[in-house]
Amino acid sequence: MCEIMTVCAAAVLTAVYVFQRNRGCARKSVLTTALALWGAALMWSVDCLSSALSGGPLLDMSAGDAVLGLIILAGGMILLIILYSAEKRGMKKH
């Protein structure tokens with residue numbers, strides 16, 4: 001479940017970044033957070049494949065895994081907020 005949540009969040013942030021870039025107002029904070037989530041998604045993919053190769057299920061749909069996915073998404077949103085606020089502070093100085 002955490003794999004699905006992480007991939008969806010990374011895809012949404014990537015789409016937001018592409019939309020911003022096309023409008024000429026791309027934010028590095030969005031790109032950085034999207035890349036962090038894609039990195040986490042890659043890590044979860046390796047974990048899922050390892051589980052499947054060892055005879056377990058490909059995707060873990062347990063409640064514990066859903067909670068882990070929510071924790072990862074909360075961490076991504078915290079990262080985005082921190083980077084966005086730092087980016088805004090940097091713009092005000094110039």
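Residues numbered from 1 in each chain as written. Predicted model: local features only at pLDDT ≥ 70, side-chain atom pairs only at ≥ 80, totals over all residues. Heavy atoms only, no water.

## A closer look at the environment of Leu58
Short version of the rule: Numbering of helices and strands starts at the N terminus; helices are DSSP runs of H or I of at least 4 residues and strands are runs of E of at least 2. Throughout this description, buried means an accessible area under 20% of the type-specific maximum (1.4 Å probe, protein chains only), exposed means over 50%, and partly exposed covers the range between. We call two residues in contact when some of their heavy atoms are within 4.5 Å.
Mapped onto the elements of the fold, Leu58 is located in the loop between α2 (28–53) and α3 (63–93). Note on Leu58: relative accessible area 48%, which makes it partly exposed. For the pair formed by Leu58 and Leu83, sequence separation is 25 residues and the distance between their alpha carbons is 34 Å. Setting aside chain neighbours within four positions, we find Leu58 in contact with Cys48, Leu49 and Ala52.

## Focus: the nonpolar core
The criterion, for reference: In plain words, nonpolar cores are sets of buried Ala, Val, Leu, Ile, Met, Phe, Trp, Tyr and Cys residues tied together by side-chain atoms within 4.5 Å.
By size, the foremost hydrophobic cluster in this structure holds eight residues: Ala9, Ala10, Leu13, Tyr17, Val30, Ala34, Leu37 and Leu80. Counting only elements with at least two residues in this core, the list comes to α1 (2–23) and α2. Top contributing element to this core by residue count: α1, with four residues.

## As for the packing of α1 against α2
Put simply, the test is: For helices, the fitted line uses only the C-alpha atoms of the stretch in contact; every axis is such a line through C-alpha atoms, and the angle between N-to-C directions lies from 0 to 180 degrees. Working rule for angles: under 35 degrees goes down as roughly parallel, over 145 as roughly antiparallel, 65 to 115 as roughly perpendicular, anything else as oblique. The sense of a crossing depends on the near helix, which, turned anticlockwise from the far helix by less than a right angle, makes the crossing left-handed and, turned clockwise, makes it right-handed. Under the scheme applied, nonpolar residues are Ala, Val, Leu, Ile, Met, Phe, Trp, Tyr, Cys and Pro; charged residues are Asp, Glu, Lys and Arg; polar residues are all the others, including Gly.
Two elements in contact, α1 and α2, have axes separated by 8 Å at closest approach and are oriented at 150°. Considering the angle they form, α1 stands roughly antiparallel to α2. Crossing handedness for the pair α1 and α2: left-handed. Taking contact as the criterion, the partners of Cys2, Glu3, Thr6, Val7, Ala9, Ala10, Ala11, Leu13, Thr14, Val16, Tyr17 and Gln20 in α1 are, on α2, Val30, Leu31, Thr33, Ala34, Leu37, Trp38, Ala40, Ala41, Trp44, Ser45 and Cys48. Class assignment for the residues of the contact of α1 with α2 results in 17 nonpolar, five polar and one charged.

## A look at the side chain of Thr33
Inclusion rule: For the purposes of these results, a polar contact is taken to be a pair of N or O atoms within 3.5 Å, where, inside protein, one atom must be able to donate a hydrogen and its partner to accept one; residues adjacent in sequence count only when each atom of the pair is a side-chain atom.
One can find Thr33 in helix α2. Polar side-chain contacts of Thr33 include one of 2.8 Å to the backbone oxygen of Ser29. Look past the residues within four positions of Thr33 in its chain and what remains in contact with it is Leu13, Gly76, Leu79, Leu80 and Leu83.

## Let's talk about α1
The cut-off we apply is this: By this rule, a helix spans an expected 1.5 Å times one less than how many residues it contains. The directions from the helix axis to the C-beta atoms are what the arc is built from.
Spanning 22 residues, α1 covers 32 Å between terminal C-alpha atoms, matching the ideal 32 Å at 1.5 Å per step. Within α1, burial applies to Cys2, Glu3, Met5, Thr6, Ala9, Ala10, Leu13, Tyr17 and Gln20. The buried residues of α1 occupy an angular sector of 165° when projected down its axis, which confines them to one face. Of the exposed residues in α1, the ones pointing more than 90 degrees away from its buried face are Val12, Phe19, Asn22 and Arg23. Backbone geometry just downstream of α1 places Gly24 in the positive-phi region, at approximately 85°.

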